[in-house]
Structure formats: C-alpha cells, structure tokens
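The primary structure of each chain is shown beneath.
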Amino acid sequence: MNFTYKNPTLIEFGKGKIANLKNLIPKDRTILFLYGGGSIKRNGIYEQVIQALQNHSFVEFSGVEPNPTKETLDKAVLFARENNVDFILAVGGGSVIDGSKYIASSFHYDGDGWDILENKYIPKKALDIGVVLTLAATGSESNSGAVITKKQTKEKRFFGSPFTYPSFAILDPDVLKSLDDRQIVNGLIDSFVHVCEQYLTINHGCLVQDRYSEALLLSILELMQTFDKKDDLWYANLMWSANQALNGLIGTGVPQDWATHFIGHELSGLYGIDHARTLAIIQPNLLRELLDEKSQKLLQMGKNVFAMQTDDVNKVIDKIESLYLSLGVNLKLSSYTDDKNIAQKVIELLHKHGFDRFGINRTVSKDTVEKIIKRSL
Ligand code: NZQ
Ligand code: ZN
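This one's a predicted model, so the numbers in the text were calculated from it and none came from an experiment. (Residues numbered from 1 in each chain as written. Chains lettered and ligands numbered in written order. Predicted model: local features only at pLDDT ≥ 70, side-chain atom pairs only at ≥ 80, totals over all residues. Heavy atoms only, no water.)

## Some words on the nonpolar core
1) Next: Grouped together as the largest cluster of nonpolar side chains are 124 residues, with contacts concentrated most on Leu21, Leu89, Phe192, Ile263, Met301, Phe306 and Tyr324.
2) Next: Split by domain, this core shows at least three residues from each of two domains, domain 1 (10-174) and domain 2 (181-376).
3) Next: The residues touching Met301, leaving out its near neighbours within four places in the chain, are Phe192, Cys196, Tyr199, Leu200, Leu217, Phe306 and Ile320. (Core = buried A, V, L, I, M, F, W, Y, C linked by side-chain atoms within 4.5 Å. Buried < 20%, exposed > 50% of the residue type's maximum accessible area, 1.4 Å probe, protein only. Domains from an automatic or database assignment. Contact = heavy atoms within 4.5 Å.)

## Structural notes on empty space enclosed by the protein
1) Next: Scanning the entire structure with this criterion turns up one cavity of 30 Å³ or more.
2) Next: Its boundaries defined by the atoms lining it, the largest cavity holds a volume of some 70 Å³.
3) Next: Elements that contribute at least two residues to the lining of the largest cavity include exactly helix H7 (181-199), helix H10 (259-271) and helix H11 (275-289).
4) Next: Per-element tally for the lining of the largest cavity: the top contributor is H11, with three residues.
5) Next: Looking at the lining of the largest cavity residue by residue, the class counts come to five nonpolar, two polar and three charged. (1 Å grid on protein atoms, 1.4 Å probe; cavity = no way out; pocket = protein on both sides within 12 Å on 5 of 7 lines; lining within 4 Å. Points joined across faces, edges and corners; volume = space filled by probe spheres on them. Helix = DSSP H or I, 4+ residues; strand = E, 2+ residues; numbered from the N terminus. Nonpolar A, V, L, I, M, F, W, Y, C, P; charged D, E, K, R; others polar.)

## A short note on the site of ligand 1
1) Next: The environment of ligand 1 is made up of 32 residues, and the closest members are Gly37, Ser39, Gly94, Ser95 and Lys156.
2) Next: The backbone of Gly37 places a nitrogen or oxygen atom 2.7 Å from an oxygen atom of ligand 1.
3) Next: In the model, a nitrogen atom of ligand 1 is placed 3.5 Å from a nitrogen or oxygen of the Asn43 side chain.
4) Next: Of all elements in the fold, only helix H5 (94-106), strand E6 (145-150), H7 and H10 reach the threshold of two or more residues within the shell around ligand 1.
5) Next: For the shell around ligand 1, the per-class residue count stands at nine nonpolar, 20 polar and three charged.
6) Next: In terms of domain composition, the shell around ligand 1 takes at least three residues from each of domain 1 (10-174) and domain 2 (181-376). (Near = heavy atom within 4 Å. Polar contact = N/O pair within 3.5 Å; in protein donor to acceptor, adjacent residues only side chain to side chain.)

## Let's talk about the domain arrangement of the chain
1) Next: Assigned domains of the chain: these are domain 1 (10-174) and domain 2 (181-376).
2) Next: Computed over C-alpha atoms, the centres of domain 1 and domain 2 are 26 Å apart.
3) Next: Both faces combined, the contact of domain 1 with domain 2 buries some 2,100 Å², and carbon together with sulfur accounts for 60% of it.
4) Next: Looking only at domain 1, the three residues that lose the most surface to domain 2 are Ala136, Lys154 and Lys156, adding up to 24% of its buried area.
5) Next: Taken together, the connections running from domain 1 to domain 2 amount to two salt bridges.
6) Next: With a closest N to O distance of 3.2 Å, Lys352 and Glu155 form a salt bridge.
7) Next: If you look at where domain 1 meets domain 2, you find six residue pairs in polar contact (both at pLDDT 80 or more).
8) Next: Considered class by class, the residues forming the side of domain 1 that touches domain 2 number ten nonpolar, five polar and eight charged. (Buried area = accessible area lost by both parts, 1.4 Å probe. Salt bridge = Lys/Arg side-chain N within 4 Å of Asp/Glu carboxyl O.)

## Overview of the packing of aromatic side chains
1) Next: One pass over the full model with this rule turns up 15 aromatic pairs.
2) Next: Relative to Phe262, the ring of Phe158 lies with its centre 5.8 Å away and its plane at 5 degrees, an arrangement referred to as stacked. Within this pair, whereas Phe158 is found in strand E7 (residues 155-160), its partner Phe262 is found in helix H10, the two being separated by 104 residues in sequence.
3) Next: For Phe158, a relative accessible area of 40% gives the class partly exposed.
4) Next: Residue classification places Phe262 among the buried residues on the basis of a relative accessible area of 16%.
5) Next: Ring geometry for Phe355 against Phe358: centres 5.7 Å apart, planes inclined by 65 degrees, an arrangement best described as edge-to-face.
6) Next: Put simply, the rings of Phe33, Tyr35, Tyr46 and Phe58 pair up and form one aromatic cluster.
7) Next: The ring of Tyr46 has Lys41 lying over it, and the distance from NZ or CZ to the ring centre is 4.7 Å. (Phe/Tyr/Trp six-rings, centres within 6.5 Å; stacked < 30°, edge-to-face > 60°. Lys NZ or Arg CZ within 6 Å of the ring centre and 35° of its normal.)

## Brief notes about the sheet that holds strand E1 (residues 10-13)
1) Next: Spatially, E1-E8-E5-E4-E2-E3 is the arrangement adopted by the six strands of the open sheet, whose pairing is parallel. Whereas interior strands pair on both sides, the edge strands pair on one side only; in this sheet they are E1 and strand E3 (57-61). Sheet twist, expressed as the mean angle between neighbouring strand axes with direction ignored, is 20 degrees.
2) Next: Taken strand by strand, helix H3 (residues 45-52) contacts strand E2 (30-35), E3, strand E4 (87-92) and strand E5 (128-133), and its axis lies near 175 degrees from that of E2.
3) Next: Docked against the sheet, helix H4 (residues 70-82) engages E2 and E3, running at close to 155 degrees with respect to E3. (Pairing = 2+ DSSP bridges. Axes fitted to C-alpha atoms, helices over the stretch in contact; angles between N-to-C directions.)

Put into structure tokens, the structure is as follows:
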C-alpha cells in the first residue's frame, strides 16, 4: 500500500542518558513533571530527573495509575493550566506516557477531554511532550497513541494524533532493573503481541515488514527463553525490541489487525486486568477461532520464528500459548474475575465503541467474541 512515514521522536538510548534532559528541554519552558504511583522515588529515577532539571522551572503531578483514568488526568489538566505549563515531561511506563498525551491534547480544549476518545473533538494542537521511559512494553514513548480509561463507565478507549508524538524519549535500560518479574513479563508479552498484530495478517509479500517483524519476534523469543539470565544487554535488548515493535515502522504499508487488543482493552476496563495479560489470555483463542484466515501467516511464523517443520497451524498456536505459560502467566480468564457475564459485557462495550465487526476481514462478530471468551474461561 502507498504510505507516508515519519517518526519524529528523538531517541536517546543508553546508560546515564537521563542527565541529557537538561539539554533536551529549552530553559524557557515551564514543565509539568508527570509520574505514577511513586516507583521512581524508590529506584533513583526521581533524583536523576530532579538533578537534570535543576536549572529548569517545573511543577510535579504524581499519581497517574496503571490503566490511567480520565478522572485523574482531568485533575492534571487543571493543574497544568493553573501553572501555565508549556511542556510535559512524562516519567514512567505506558500509563504515564499515555496520560501525558491526554493532558497535552486536552490542555487547549474547553470541553470534556473524553470527547477526544470518542472522536467528538480532534486535537488541532497539543503541548510538547518529552519522555523518560521506565518500563519497556508499549512503545508509547515514540508513537502517537494513547489508551485511557473512564472509571465511571469502565470504558477503555484509544486515540492517536500527529501532535502527540513525544519530541524525545530517553531509554536508559538500567531503569528496568527495579521492575518486578510481573511487569517484565508484561513487557515481553505486550511487545510480542504488538508485532503479531502487525504481522499475523495476510500474505502480502512486503518483505521488509515481514522479515523485520520476524527479527523482532525472534529477539523477544530469545529474551523469553533467557528470562532467568537477565544482564545489562538483556535489558537493553528488551528496551529496544519493545520500542521497535510499536514505533510504527513494521505496520507501515501493510494491513494490521488489532482484534486481540480491542477485546483486551475491554477486559482491562471492566476488570482492571494488566494489559499484557489480557492479550496473553485472548490471542491464542482468537487465533483458534480465526484459523482459516490466519493459517498462512501462522505457518510462516512457525517456520521462520519457531523453526517448526509443520503444516498444522494448531501446533504454532500451541507454541505461542506455551510461551506465555512458560513465563508463569495464568491464561484462565475465570481466575481474574467471578463475573459470569463476561462475554455479554465485552460485546456490549465493543458495540458501544463501534466494533460490531472487526479483524482483518471484518470476520470478528459478536458470536466470534463470545466463542473466544468461552474458550478463554
Ligand atoms: O506507577 P508507578 O509507581 O510508577 O509503578 C508502575 C506501575 O505500577 C510500575 N513501574 C513502572 N516503571 C517501573 C515500575 N516499577 C518499578 N521500576 C520501574 N522502573 O509498573 C506498573 C505498570 O506501569 P504501566 O505504565 O501501567 O505499564 P505499561 O508500560 O505496561 O503500560 C500499560 C498501559 O499502556 C497501554 C495499556 O493499555 C495500559 O493502559 N498501552 C498503550 C499503548 C500505546 N500508547 O501505544 C499500546 C499498548 O498496546 C497498550 O494498550
Ligand atoms: Zn499492547
């Protein structure tokens, strides 16, 4: 397909790079220093940022939750306006970065910021954003997307805008060392599924996109298999793999299929399940339901990523599932919630969000979602 490609985010990668903040943000800016629940105060990142910003003026807003909520972010918008900020520095994982994109886009808008998530308001400008990444998973540090939850209605929705690409992202792999295994596993799975959503589509013959996706899948697979031998290079490889998985490049000019993410987002919104875990639960069962349309690419993945000599697509799906199990992820939806009406609630929310039929050939219907959820219980 024809395409225009531009990723404007400057990446500063490596040990000690947080100190570069002092040069990356102009001195005349008033910065909103945005962060989450306080992990940065326990692992030394906060001090590094404060040190780097000693000649800048900034105000702090903390408490952005995992699966960030509009309710908290609206408070940050008011705070940002009261303090006349003109730059947001997001220090955190996907949640804080996504939160910064919501704040940046709502800042100049008089209405309810949620309108952006409902496509009732298309941002025409946004505050500049800079990022210090603390968790490698989403790729949000150099893409334009954001996923925000409305606590009141348990809805989780996404938006993207050309104005919400961060202007820079600092990727120091050392910061990942304070993450617990659960978050590192989440990062591996989220980035793996990001590649899959752009790769497990149709046989399109775009060699660069296919071979680069396979290179990323192979890299993440190797990281999964060496999970117990994490050294500096392991963390650096994770950080770069997760970034490349969703910085827009491998999905450029080819069809994409984000069906697993669409269902996963509703599950996080309803039950607060970690984003990556919703993907691990749903993806294998979605592939089983869409066996025919996914078979060509799955067999290609089996051969080129898992070195499998098989014509049996089910074996490739089993292999993907076994990877998630090997990382200790519980793949039974029923162990995350007692709700007996999961399928019905997910289908209702998907309908509300305009997803009555989705997937690469619009084959994912209400019935398909119901079957996928039934398999996942
Ligand atoms: O809040 P703090 O105290 O900082 O703790 C966080 C949080 O509890 C902690 N953490 C982060 N860095 C740490 C650390 N703990 C110790 N050491 C560190 N260095 O980790 C917890 C999870 O953080 P979060 O930002 O929620 O994780 P993640 O990066 O996985 O982001 C998930 C969010 O991103 C969205 C997801 O839906 C979810 O809301 N996504 C965003 C995408 C995008 N913008 O492109 C795409 C993805 O598919 C995804 O949907
Ligand atoms: Zn994801």
